[in-house]
Amino acid sequence: MDATCTPSELAEMDRLRAIEHRRLQALVEGDMETALPLHSPDFQLITPIGMPLSRDQYLGAISQGAIKYLSWQPQEITVRLHQDVALIRYRAALEVIFNGHRVPLSDYWHTDTYEYHDGRWMIVWSHATAIQ
């Protein structure tokens, strides 16, 4: 898609990559002040084990320590931009403690949907798939 994009679309795609990097950093650091406005009120995560989590459930679990990201290392982020909707996909190495159980560093595919509302991009859907 990049070959047919305008310079402004390419810049917006880079902006989305930067937002996703900032979101991941906030989640690893447990920085809810940064993470909260990046997640739409109707955000939903589908975890690698198929568990749906709302924004409040997900960010609440992070802030309470039930989910503790130790490392989240994304590779190249691919972006598909369609006006006020953007789809991003990337592979990442992730290490997490989930409800007291350490999940060792493993690879996952992430597919996220962002929407542009009120002058900013917010993630609305996120889906992670474990790579065996």
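Preceding this section is the structure that the text describes.
All of the points below concern the structure found in this document. (Residues numbered from 1 in each chain as written. Predicted model: local features only at pLDDT ≥ 70, side-chain atom pairs only at ≥ 80, totals over all residues. Heavy atoms only, no water.)

1. What to know about helix α3 (residues 55–63)
(1) Moving on: Among the residues of α3, Arg55, Tyr58, Leu59, Gly60, Ala61 and Ile62 are the ones counted as buried.
(2) Moving on: Looking at the buried side of α3, the elements it contacts are α1 (7–29), α2 (32–35), β1 (39–46), β2 (52–54) and β3 (67–74). (Buried < 20%, exposed > 50% of the residue type's maximum accessible area, 1.4 Å probe, protein only. Helix = DSSP H or I, 4+ residues; strand = E, 2+ residues; numbered from the N terminus. Contact = heavy atoms within 4.5 Å.)

2. Side note on unusual backbone geometry
(1) Moving on: Positive phi outside glycine occurs at Asn99, with the angle close to 50°.
(2) Moving on: One non-glycine residue with positive phi stands out, namely Asp118, at about 50°.
(3) Moving on: Overall, the relative accessible area of 77% leaves Asp118 in the exposed class.

3. Let's talk about the pattern of salt bridges
(1) Moving on: This structure, assessed with the given rule, holds seven salt bridges.
(2) Moving on: For the salt bridge of Asp112 with Arg23, the shortest nitrogen-to-oxygen distance reads 3.6 Å. One end of the pair, Asp112, is in strand β6 (residues 101–117); the other, Arg23, is in helix α1, with 89 residues separating them in the sequence. In this structure, Asp112 and Arg23 share a single accessibility class: buried. (Salt bridge = Lys/Arg side-chain N within 4 Å of Asp/Glu carboxyl O.)

4. A word on empty space enclosed by the protein
(1) Moving on: By the definition in use, this model includes one cavity of 30 Å³ or more.
(2) Moving on: The space that makes up the largest cavity amounts to roughly 30 Å³.
(3) Moving on: Together, Arg23, Phe43, Leu45, Tyr58, Trp72, His110 and Ser126 line the largest cavity.
(4) Moving on: Taken together, the residues of the lining of the largest cavity break down into four nonpolar, two polar and one charged. (1 Å grid on protein atoms, 1.4 Å probe; cavity = no way out; pocket = protein on both sides within 12 Å on 5 of 7 lines; lining within 4 Å. Points joined across faces, edges and corners; volume = space filled by probe spheres on them. Nonpolar A, V, L, I, M, F, W, Y, C, P; charged D, E, K, R; others polar.)

5. Digging into the packing of aromatic side chains
(1) Moving on: Enumeration over the complete set of coordinates arrives at three aromatic pairs.
(2) Moving on: Between Tyr116 and Trp121, the aromatic rings sit 5.2 Å apart at their centres with planes inclined by 65°, giving edge-to-face as the arrangement. (Phe/Tyr/Trp six-rings, centres within 6.5 Å; stacked < 30°, edge-to-face > 60°.)

6. Comments concerning the environment of His127
(1) Moving on: With respect to the secondary-structure elements, His127 resides in strand β7 (residues 120–130).
(2) Moving on: Judged by its relative accessible area of 39%, His127 is partly exposed.
(3) Moving on: For His127 and Pro52, which are 75 residues apart along the polypeptide, the C-alpha to C-alpha distance reads 9.2 Å.
(4) Moving on: Every residue in contact with His127, bar those within four places of it in the chain, is listed here: Ile46, Trp109, His110, Thr111 and Asp112.

7. Notes on the layout of surface pockets
(1) Moving on: Approximately 310 Å³ is the volume attributed to the largest pocket.
(2) Moving on: Lining the largest pocket are 16 residues; nearest its centre among them are Thr47, Pro48, Val96, Phe98 and Tyr108.
(3) Moving on: Contributions of two or more residues to the lining of the largest pocket are made by β3, β5 (85–98) and β6.
(4) Moving on: Its residues placed into classes, the lining of the largest pocket shows 14 nonpolar, two polar and no charged.

8. Focus: the pairing of β7
(1) Moving on: Of the strand pairs in this sheet, β1 and β7 are connected by four bridges, and their pairing is parallel. Each bridged residue has a counterpart across the sheet, and for Ile46 the counterpart in β7 is His127.
(2) Moving on: Two strands pair when backbone bridges link them, and β6 and β7 are joined in this way by ten bridges, in the antiparallel orientation. Bridging from a neighbouring strand, Thr113 pairs with Trp125 of β7.
(3) Moving on: Linkage of β6 to β7, two consecutive antiparallel strands, is achieved through a turn of two residues, within which Asp118 is found at a positive phi near 50°. (Pairing = 2+ DSSP bridges.)

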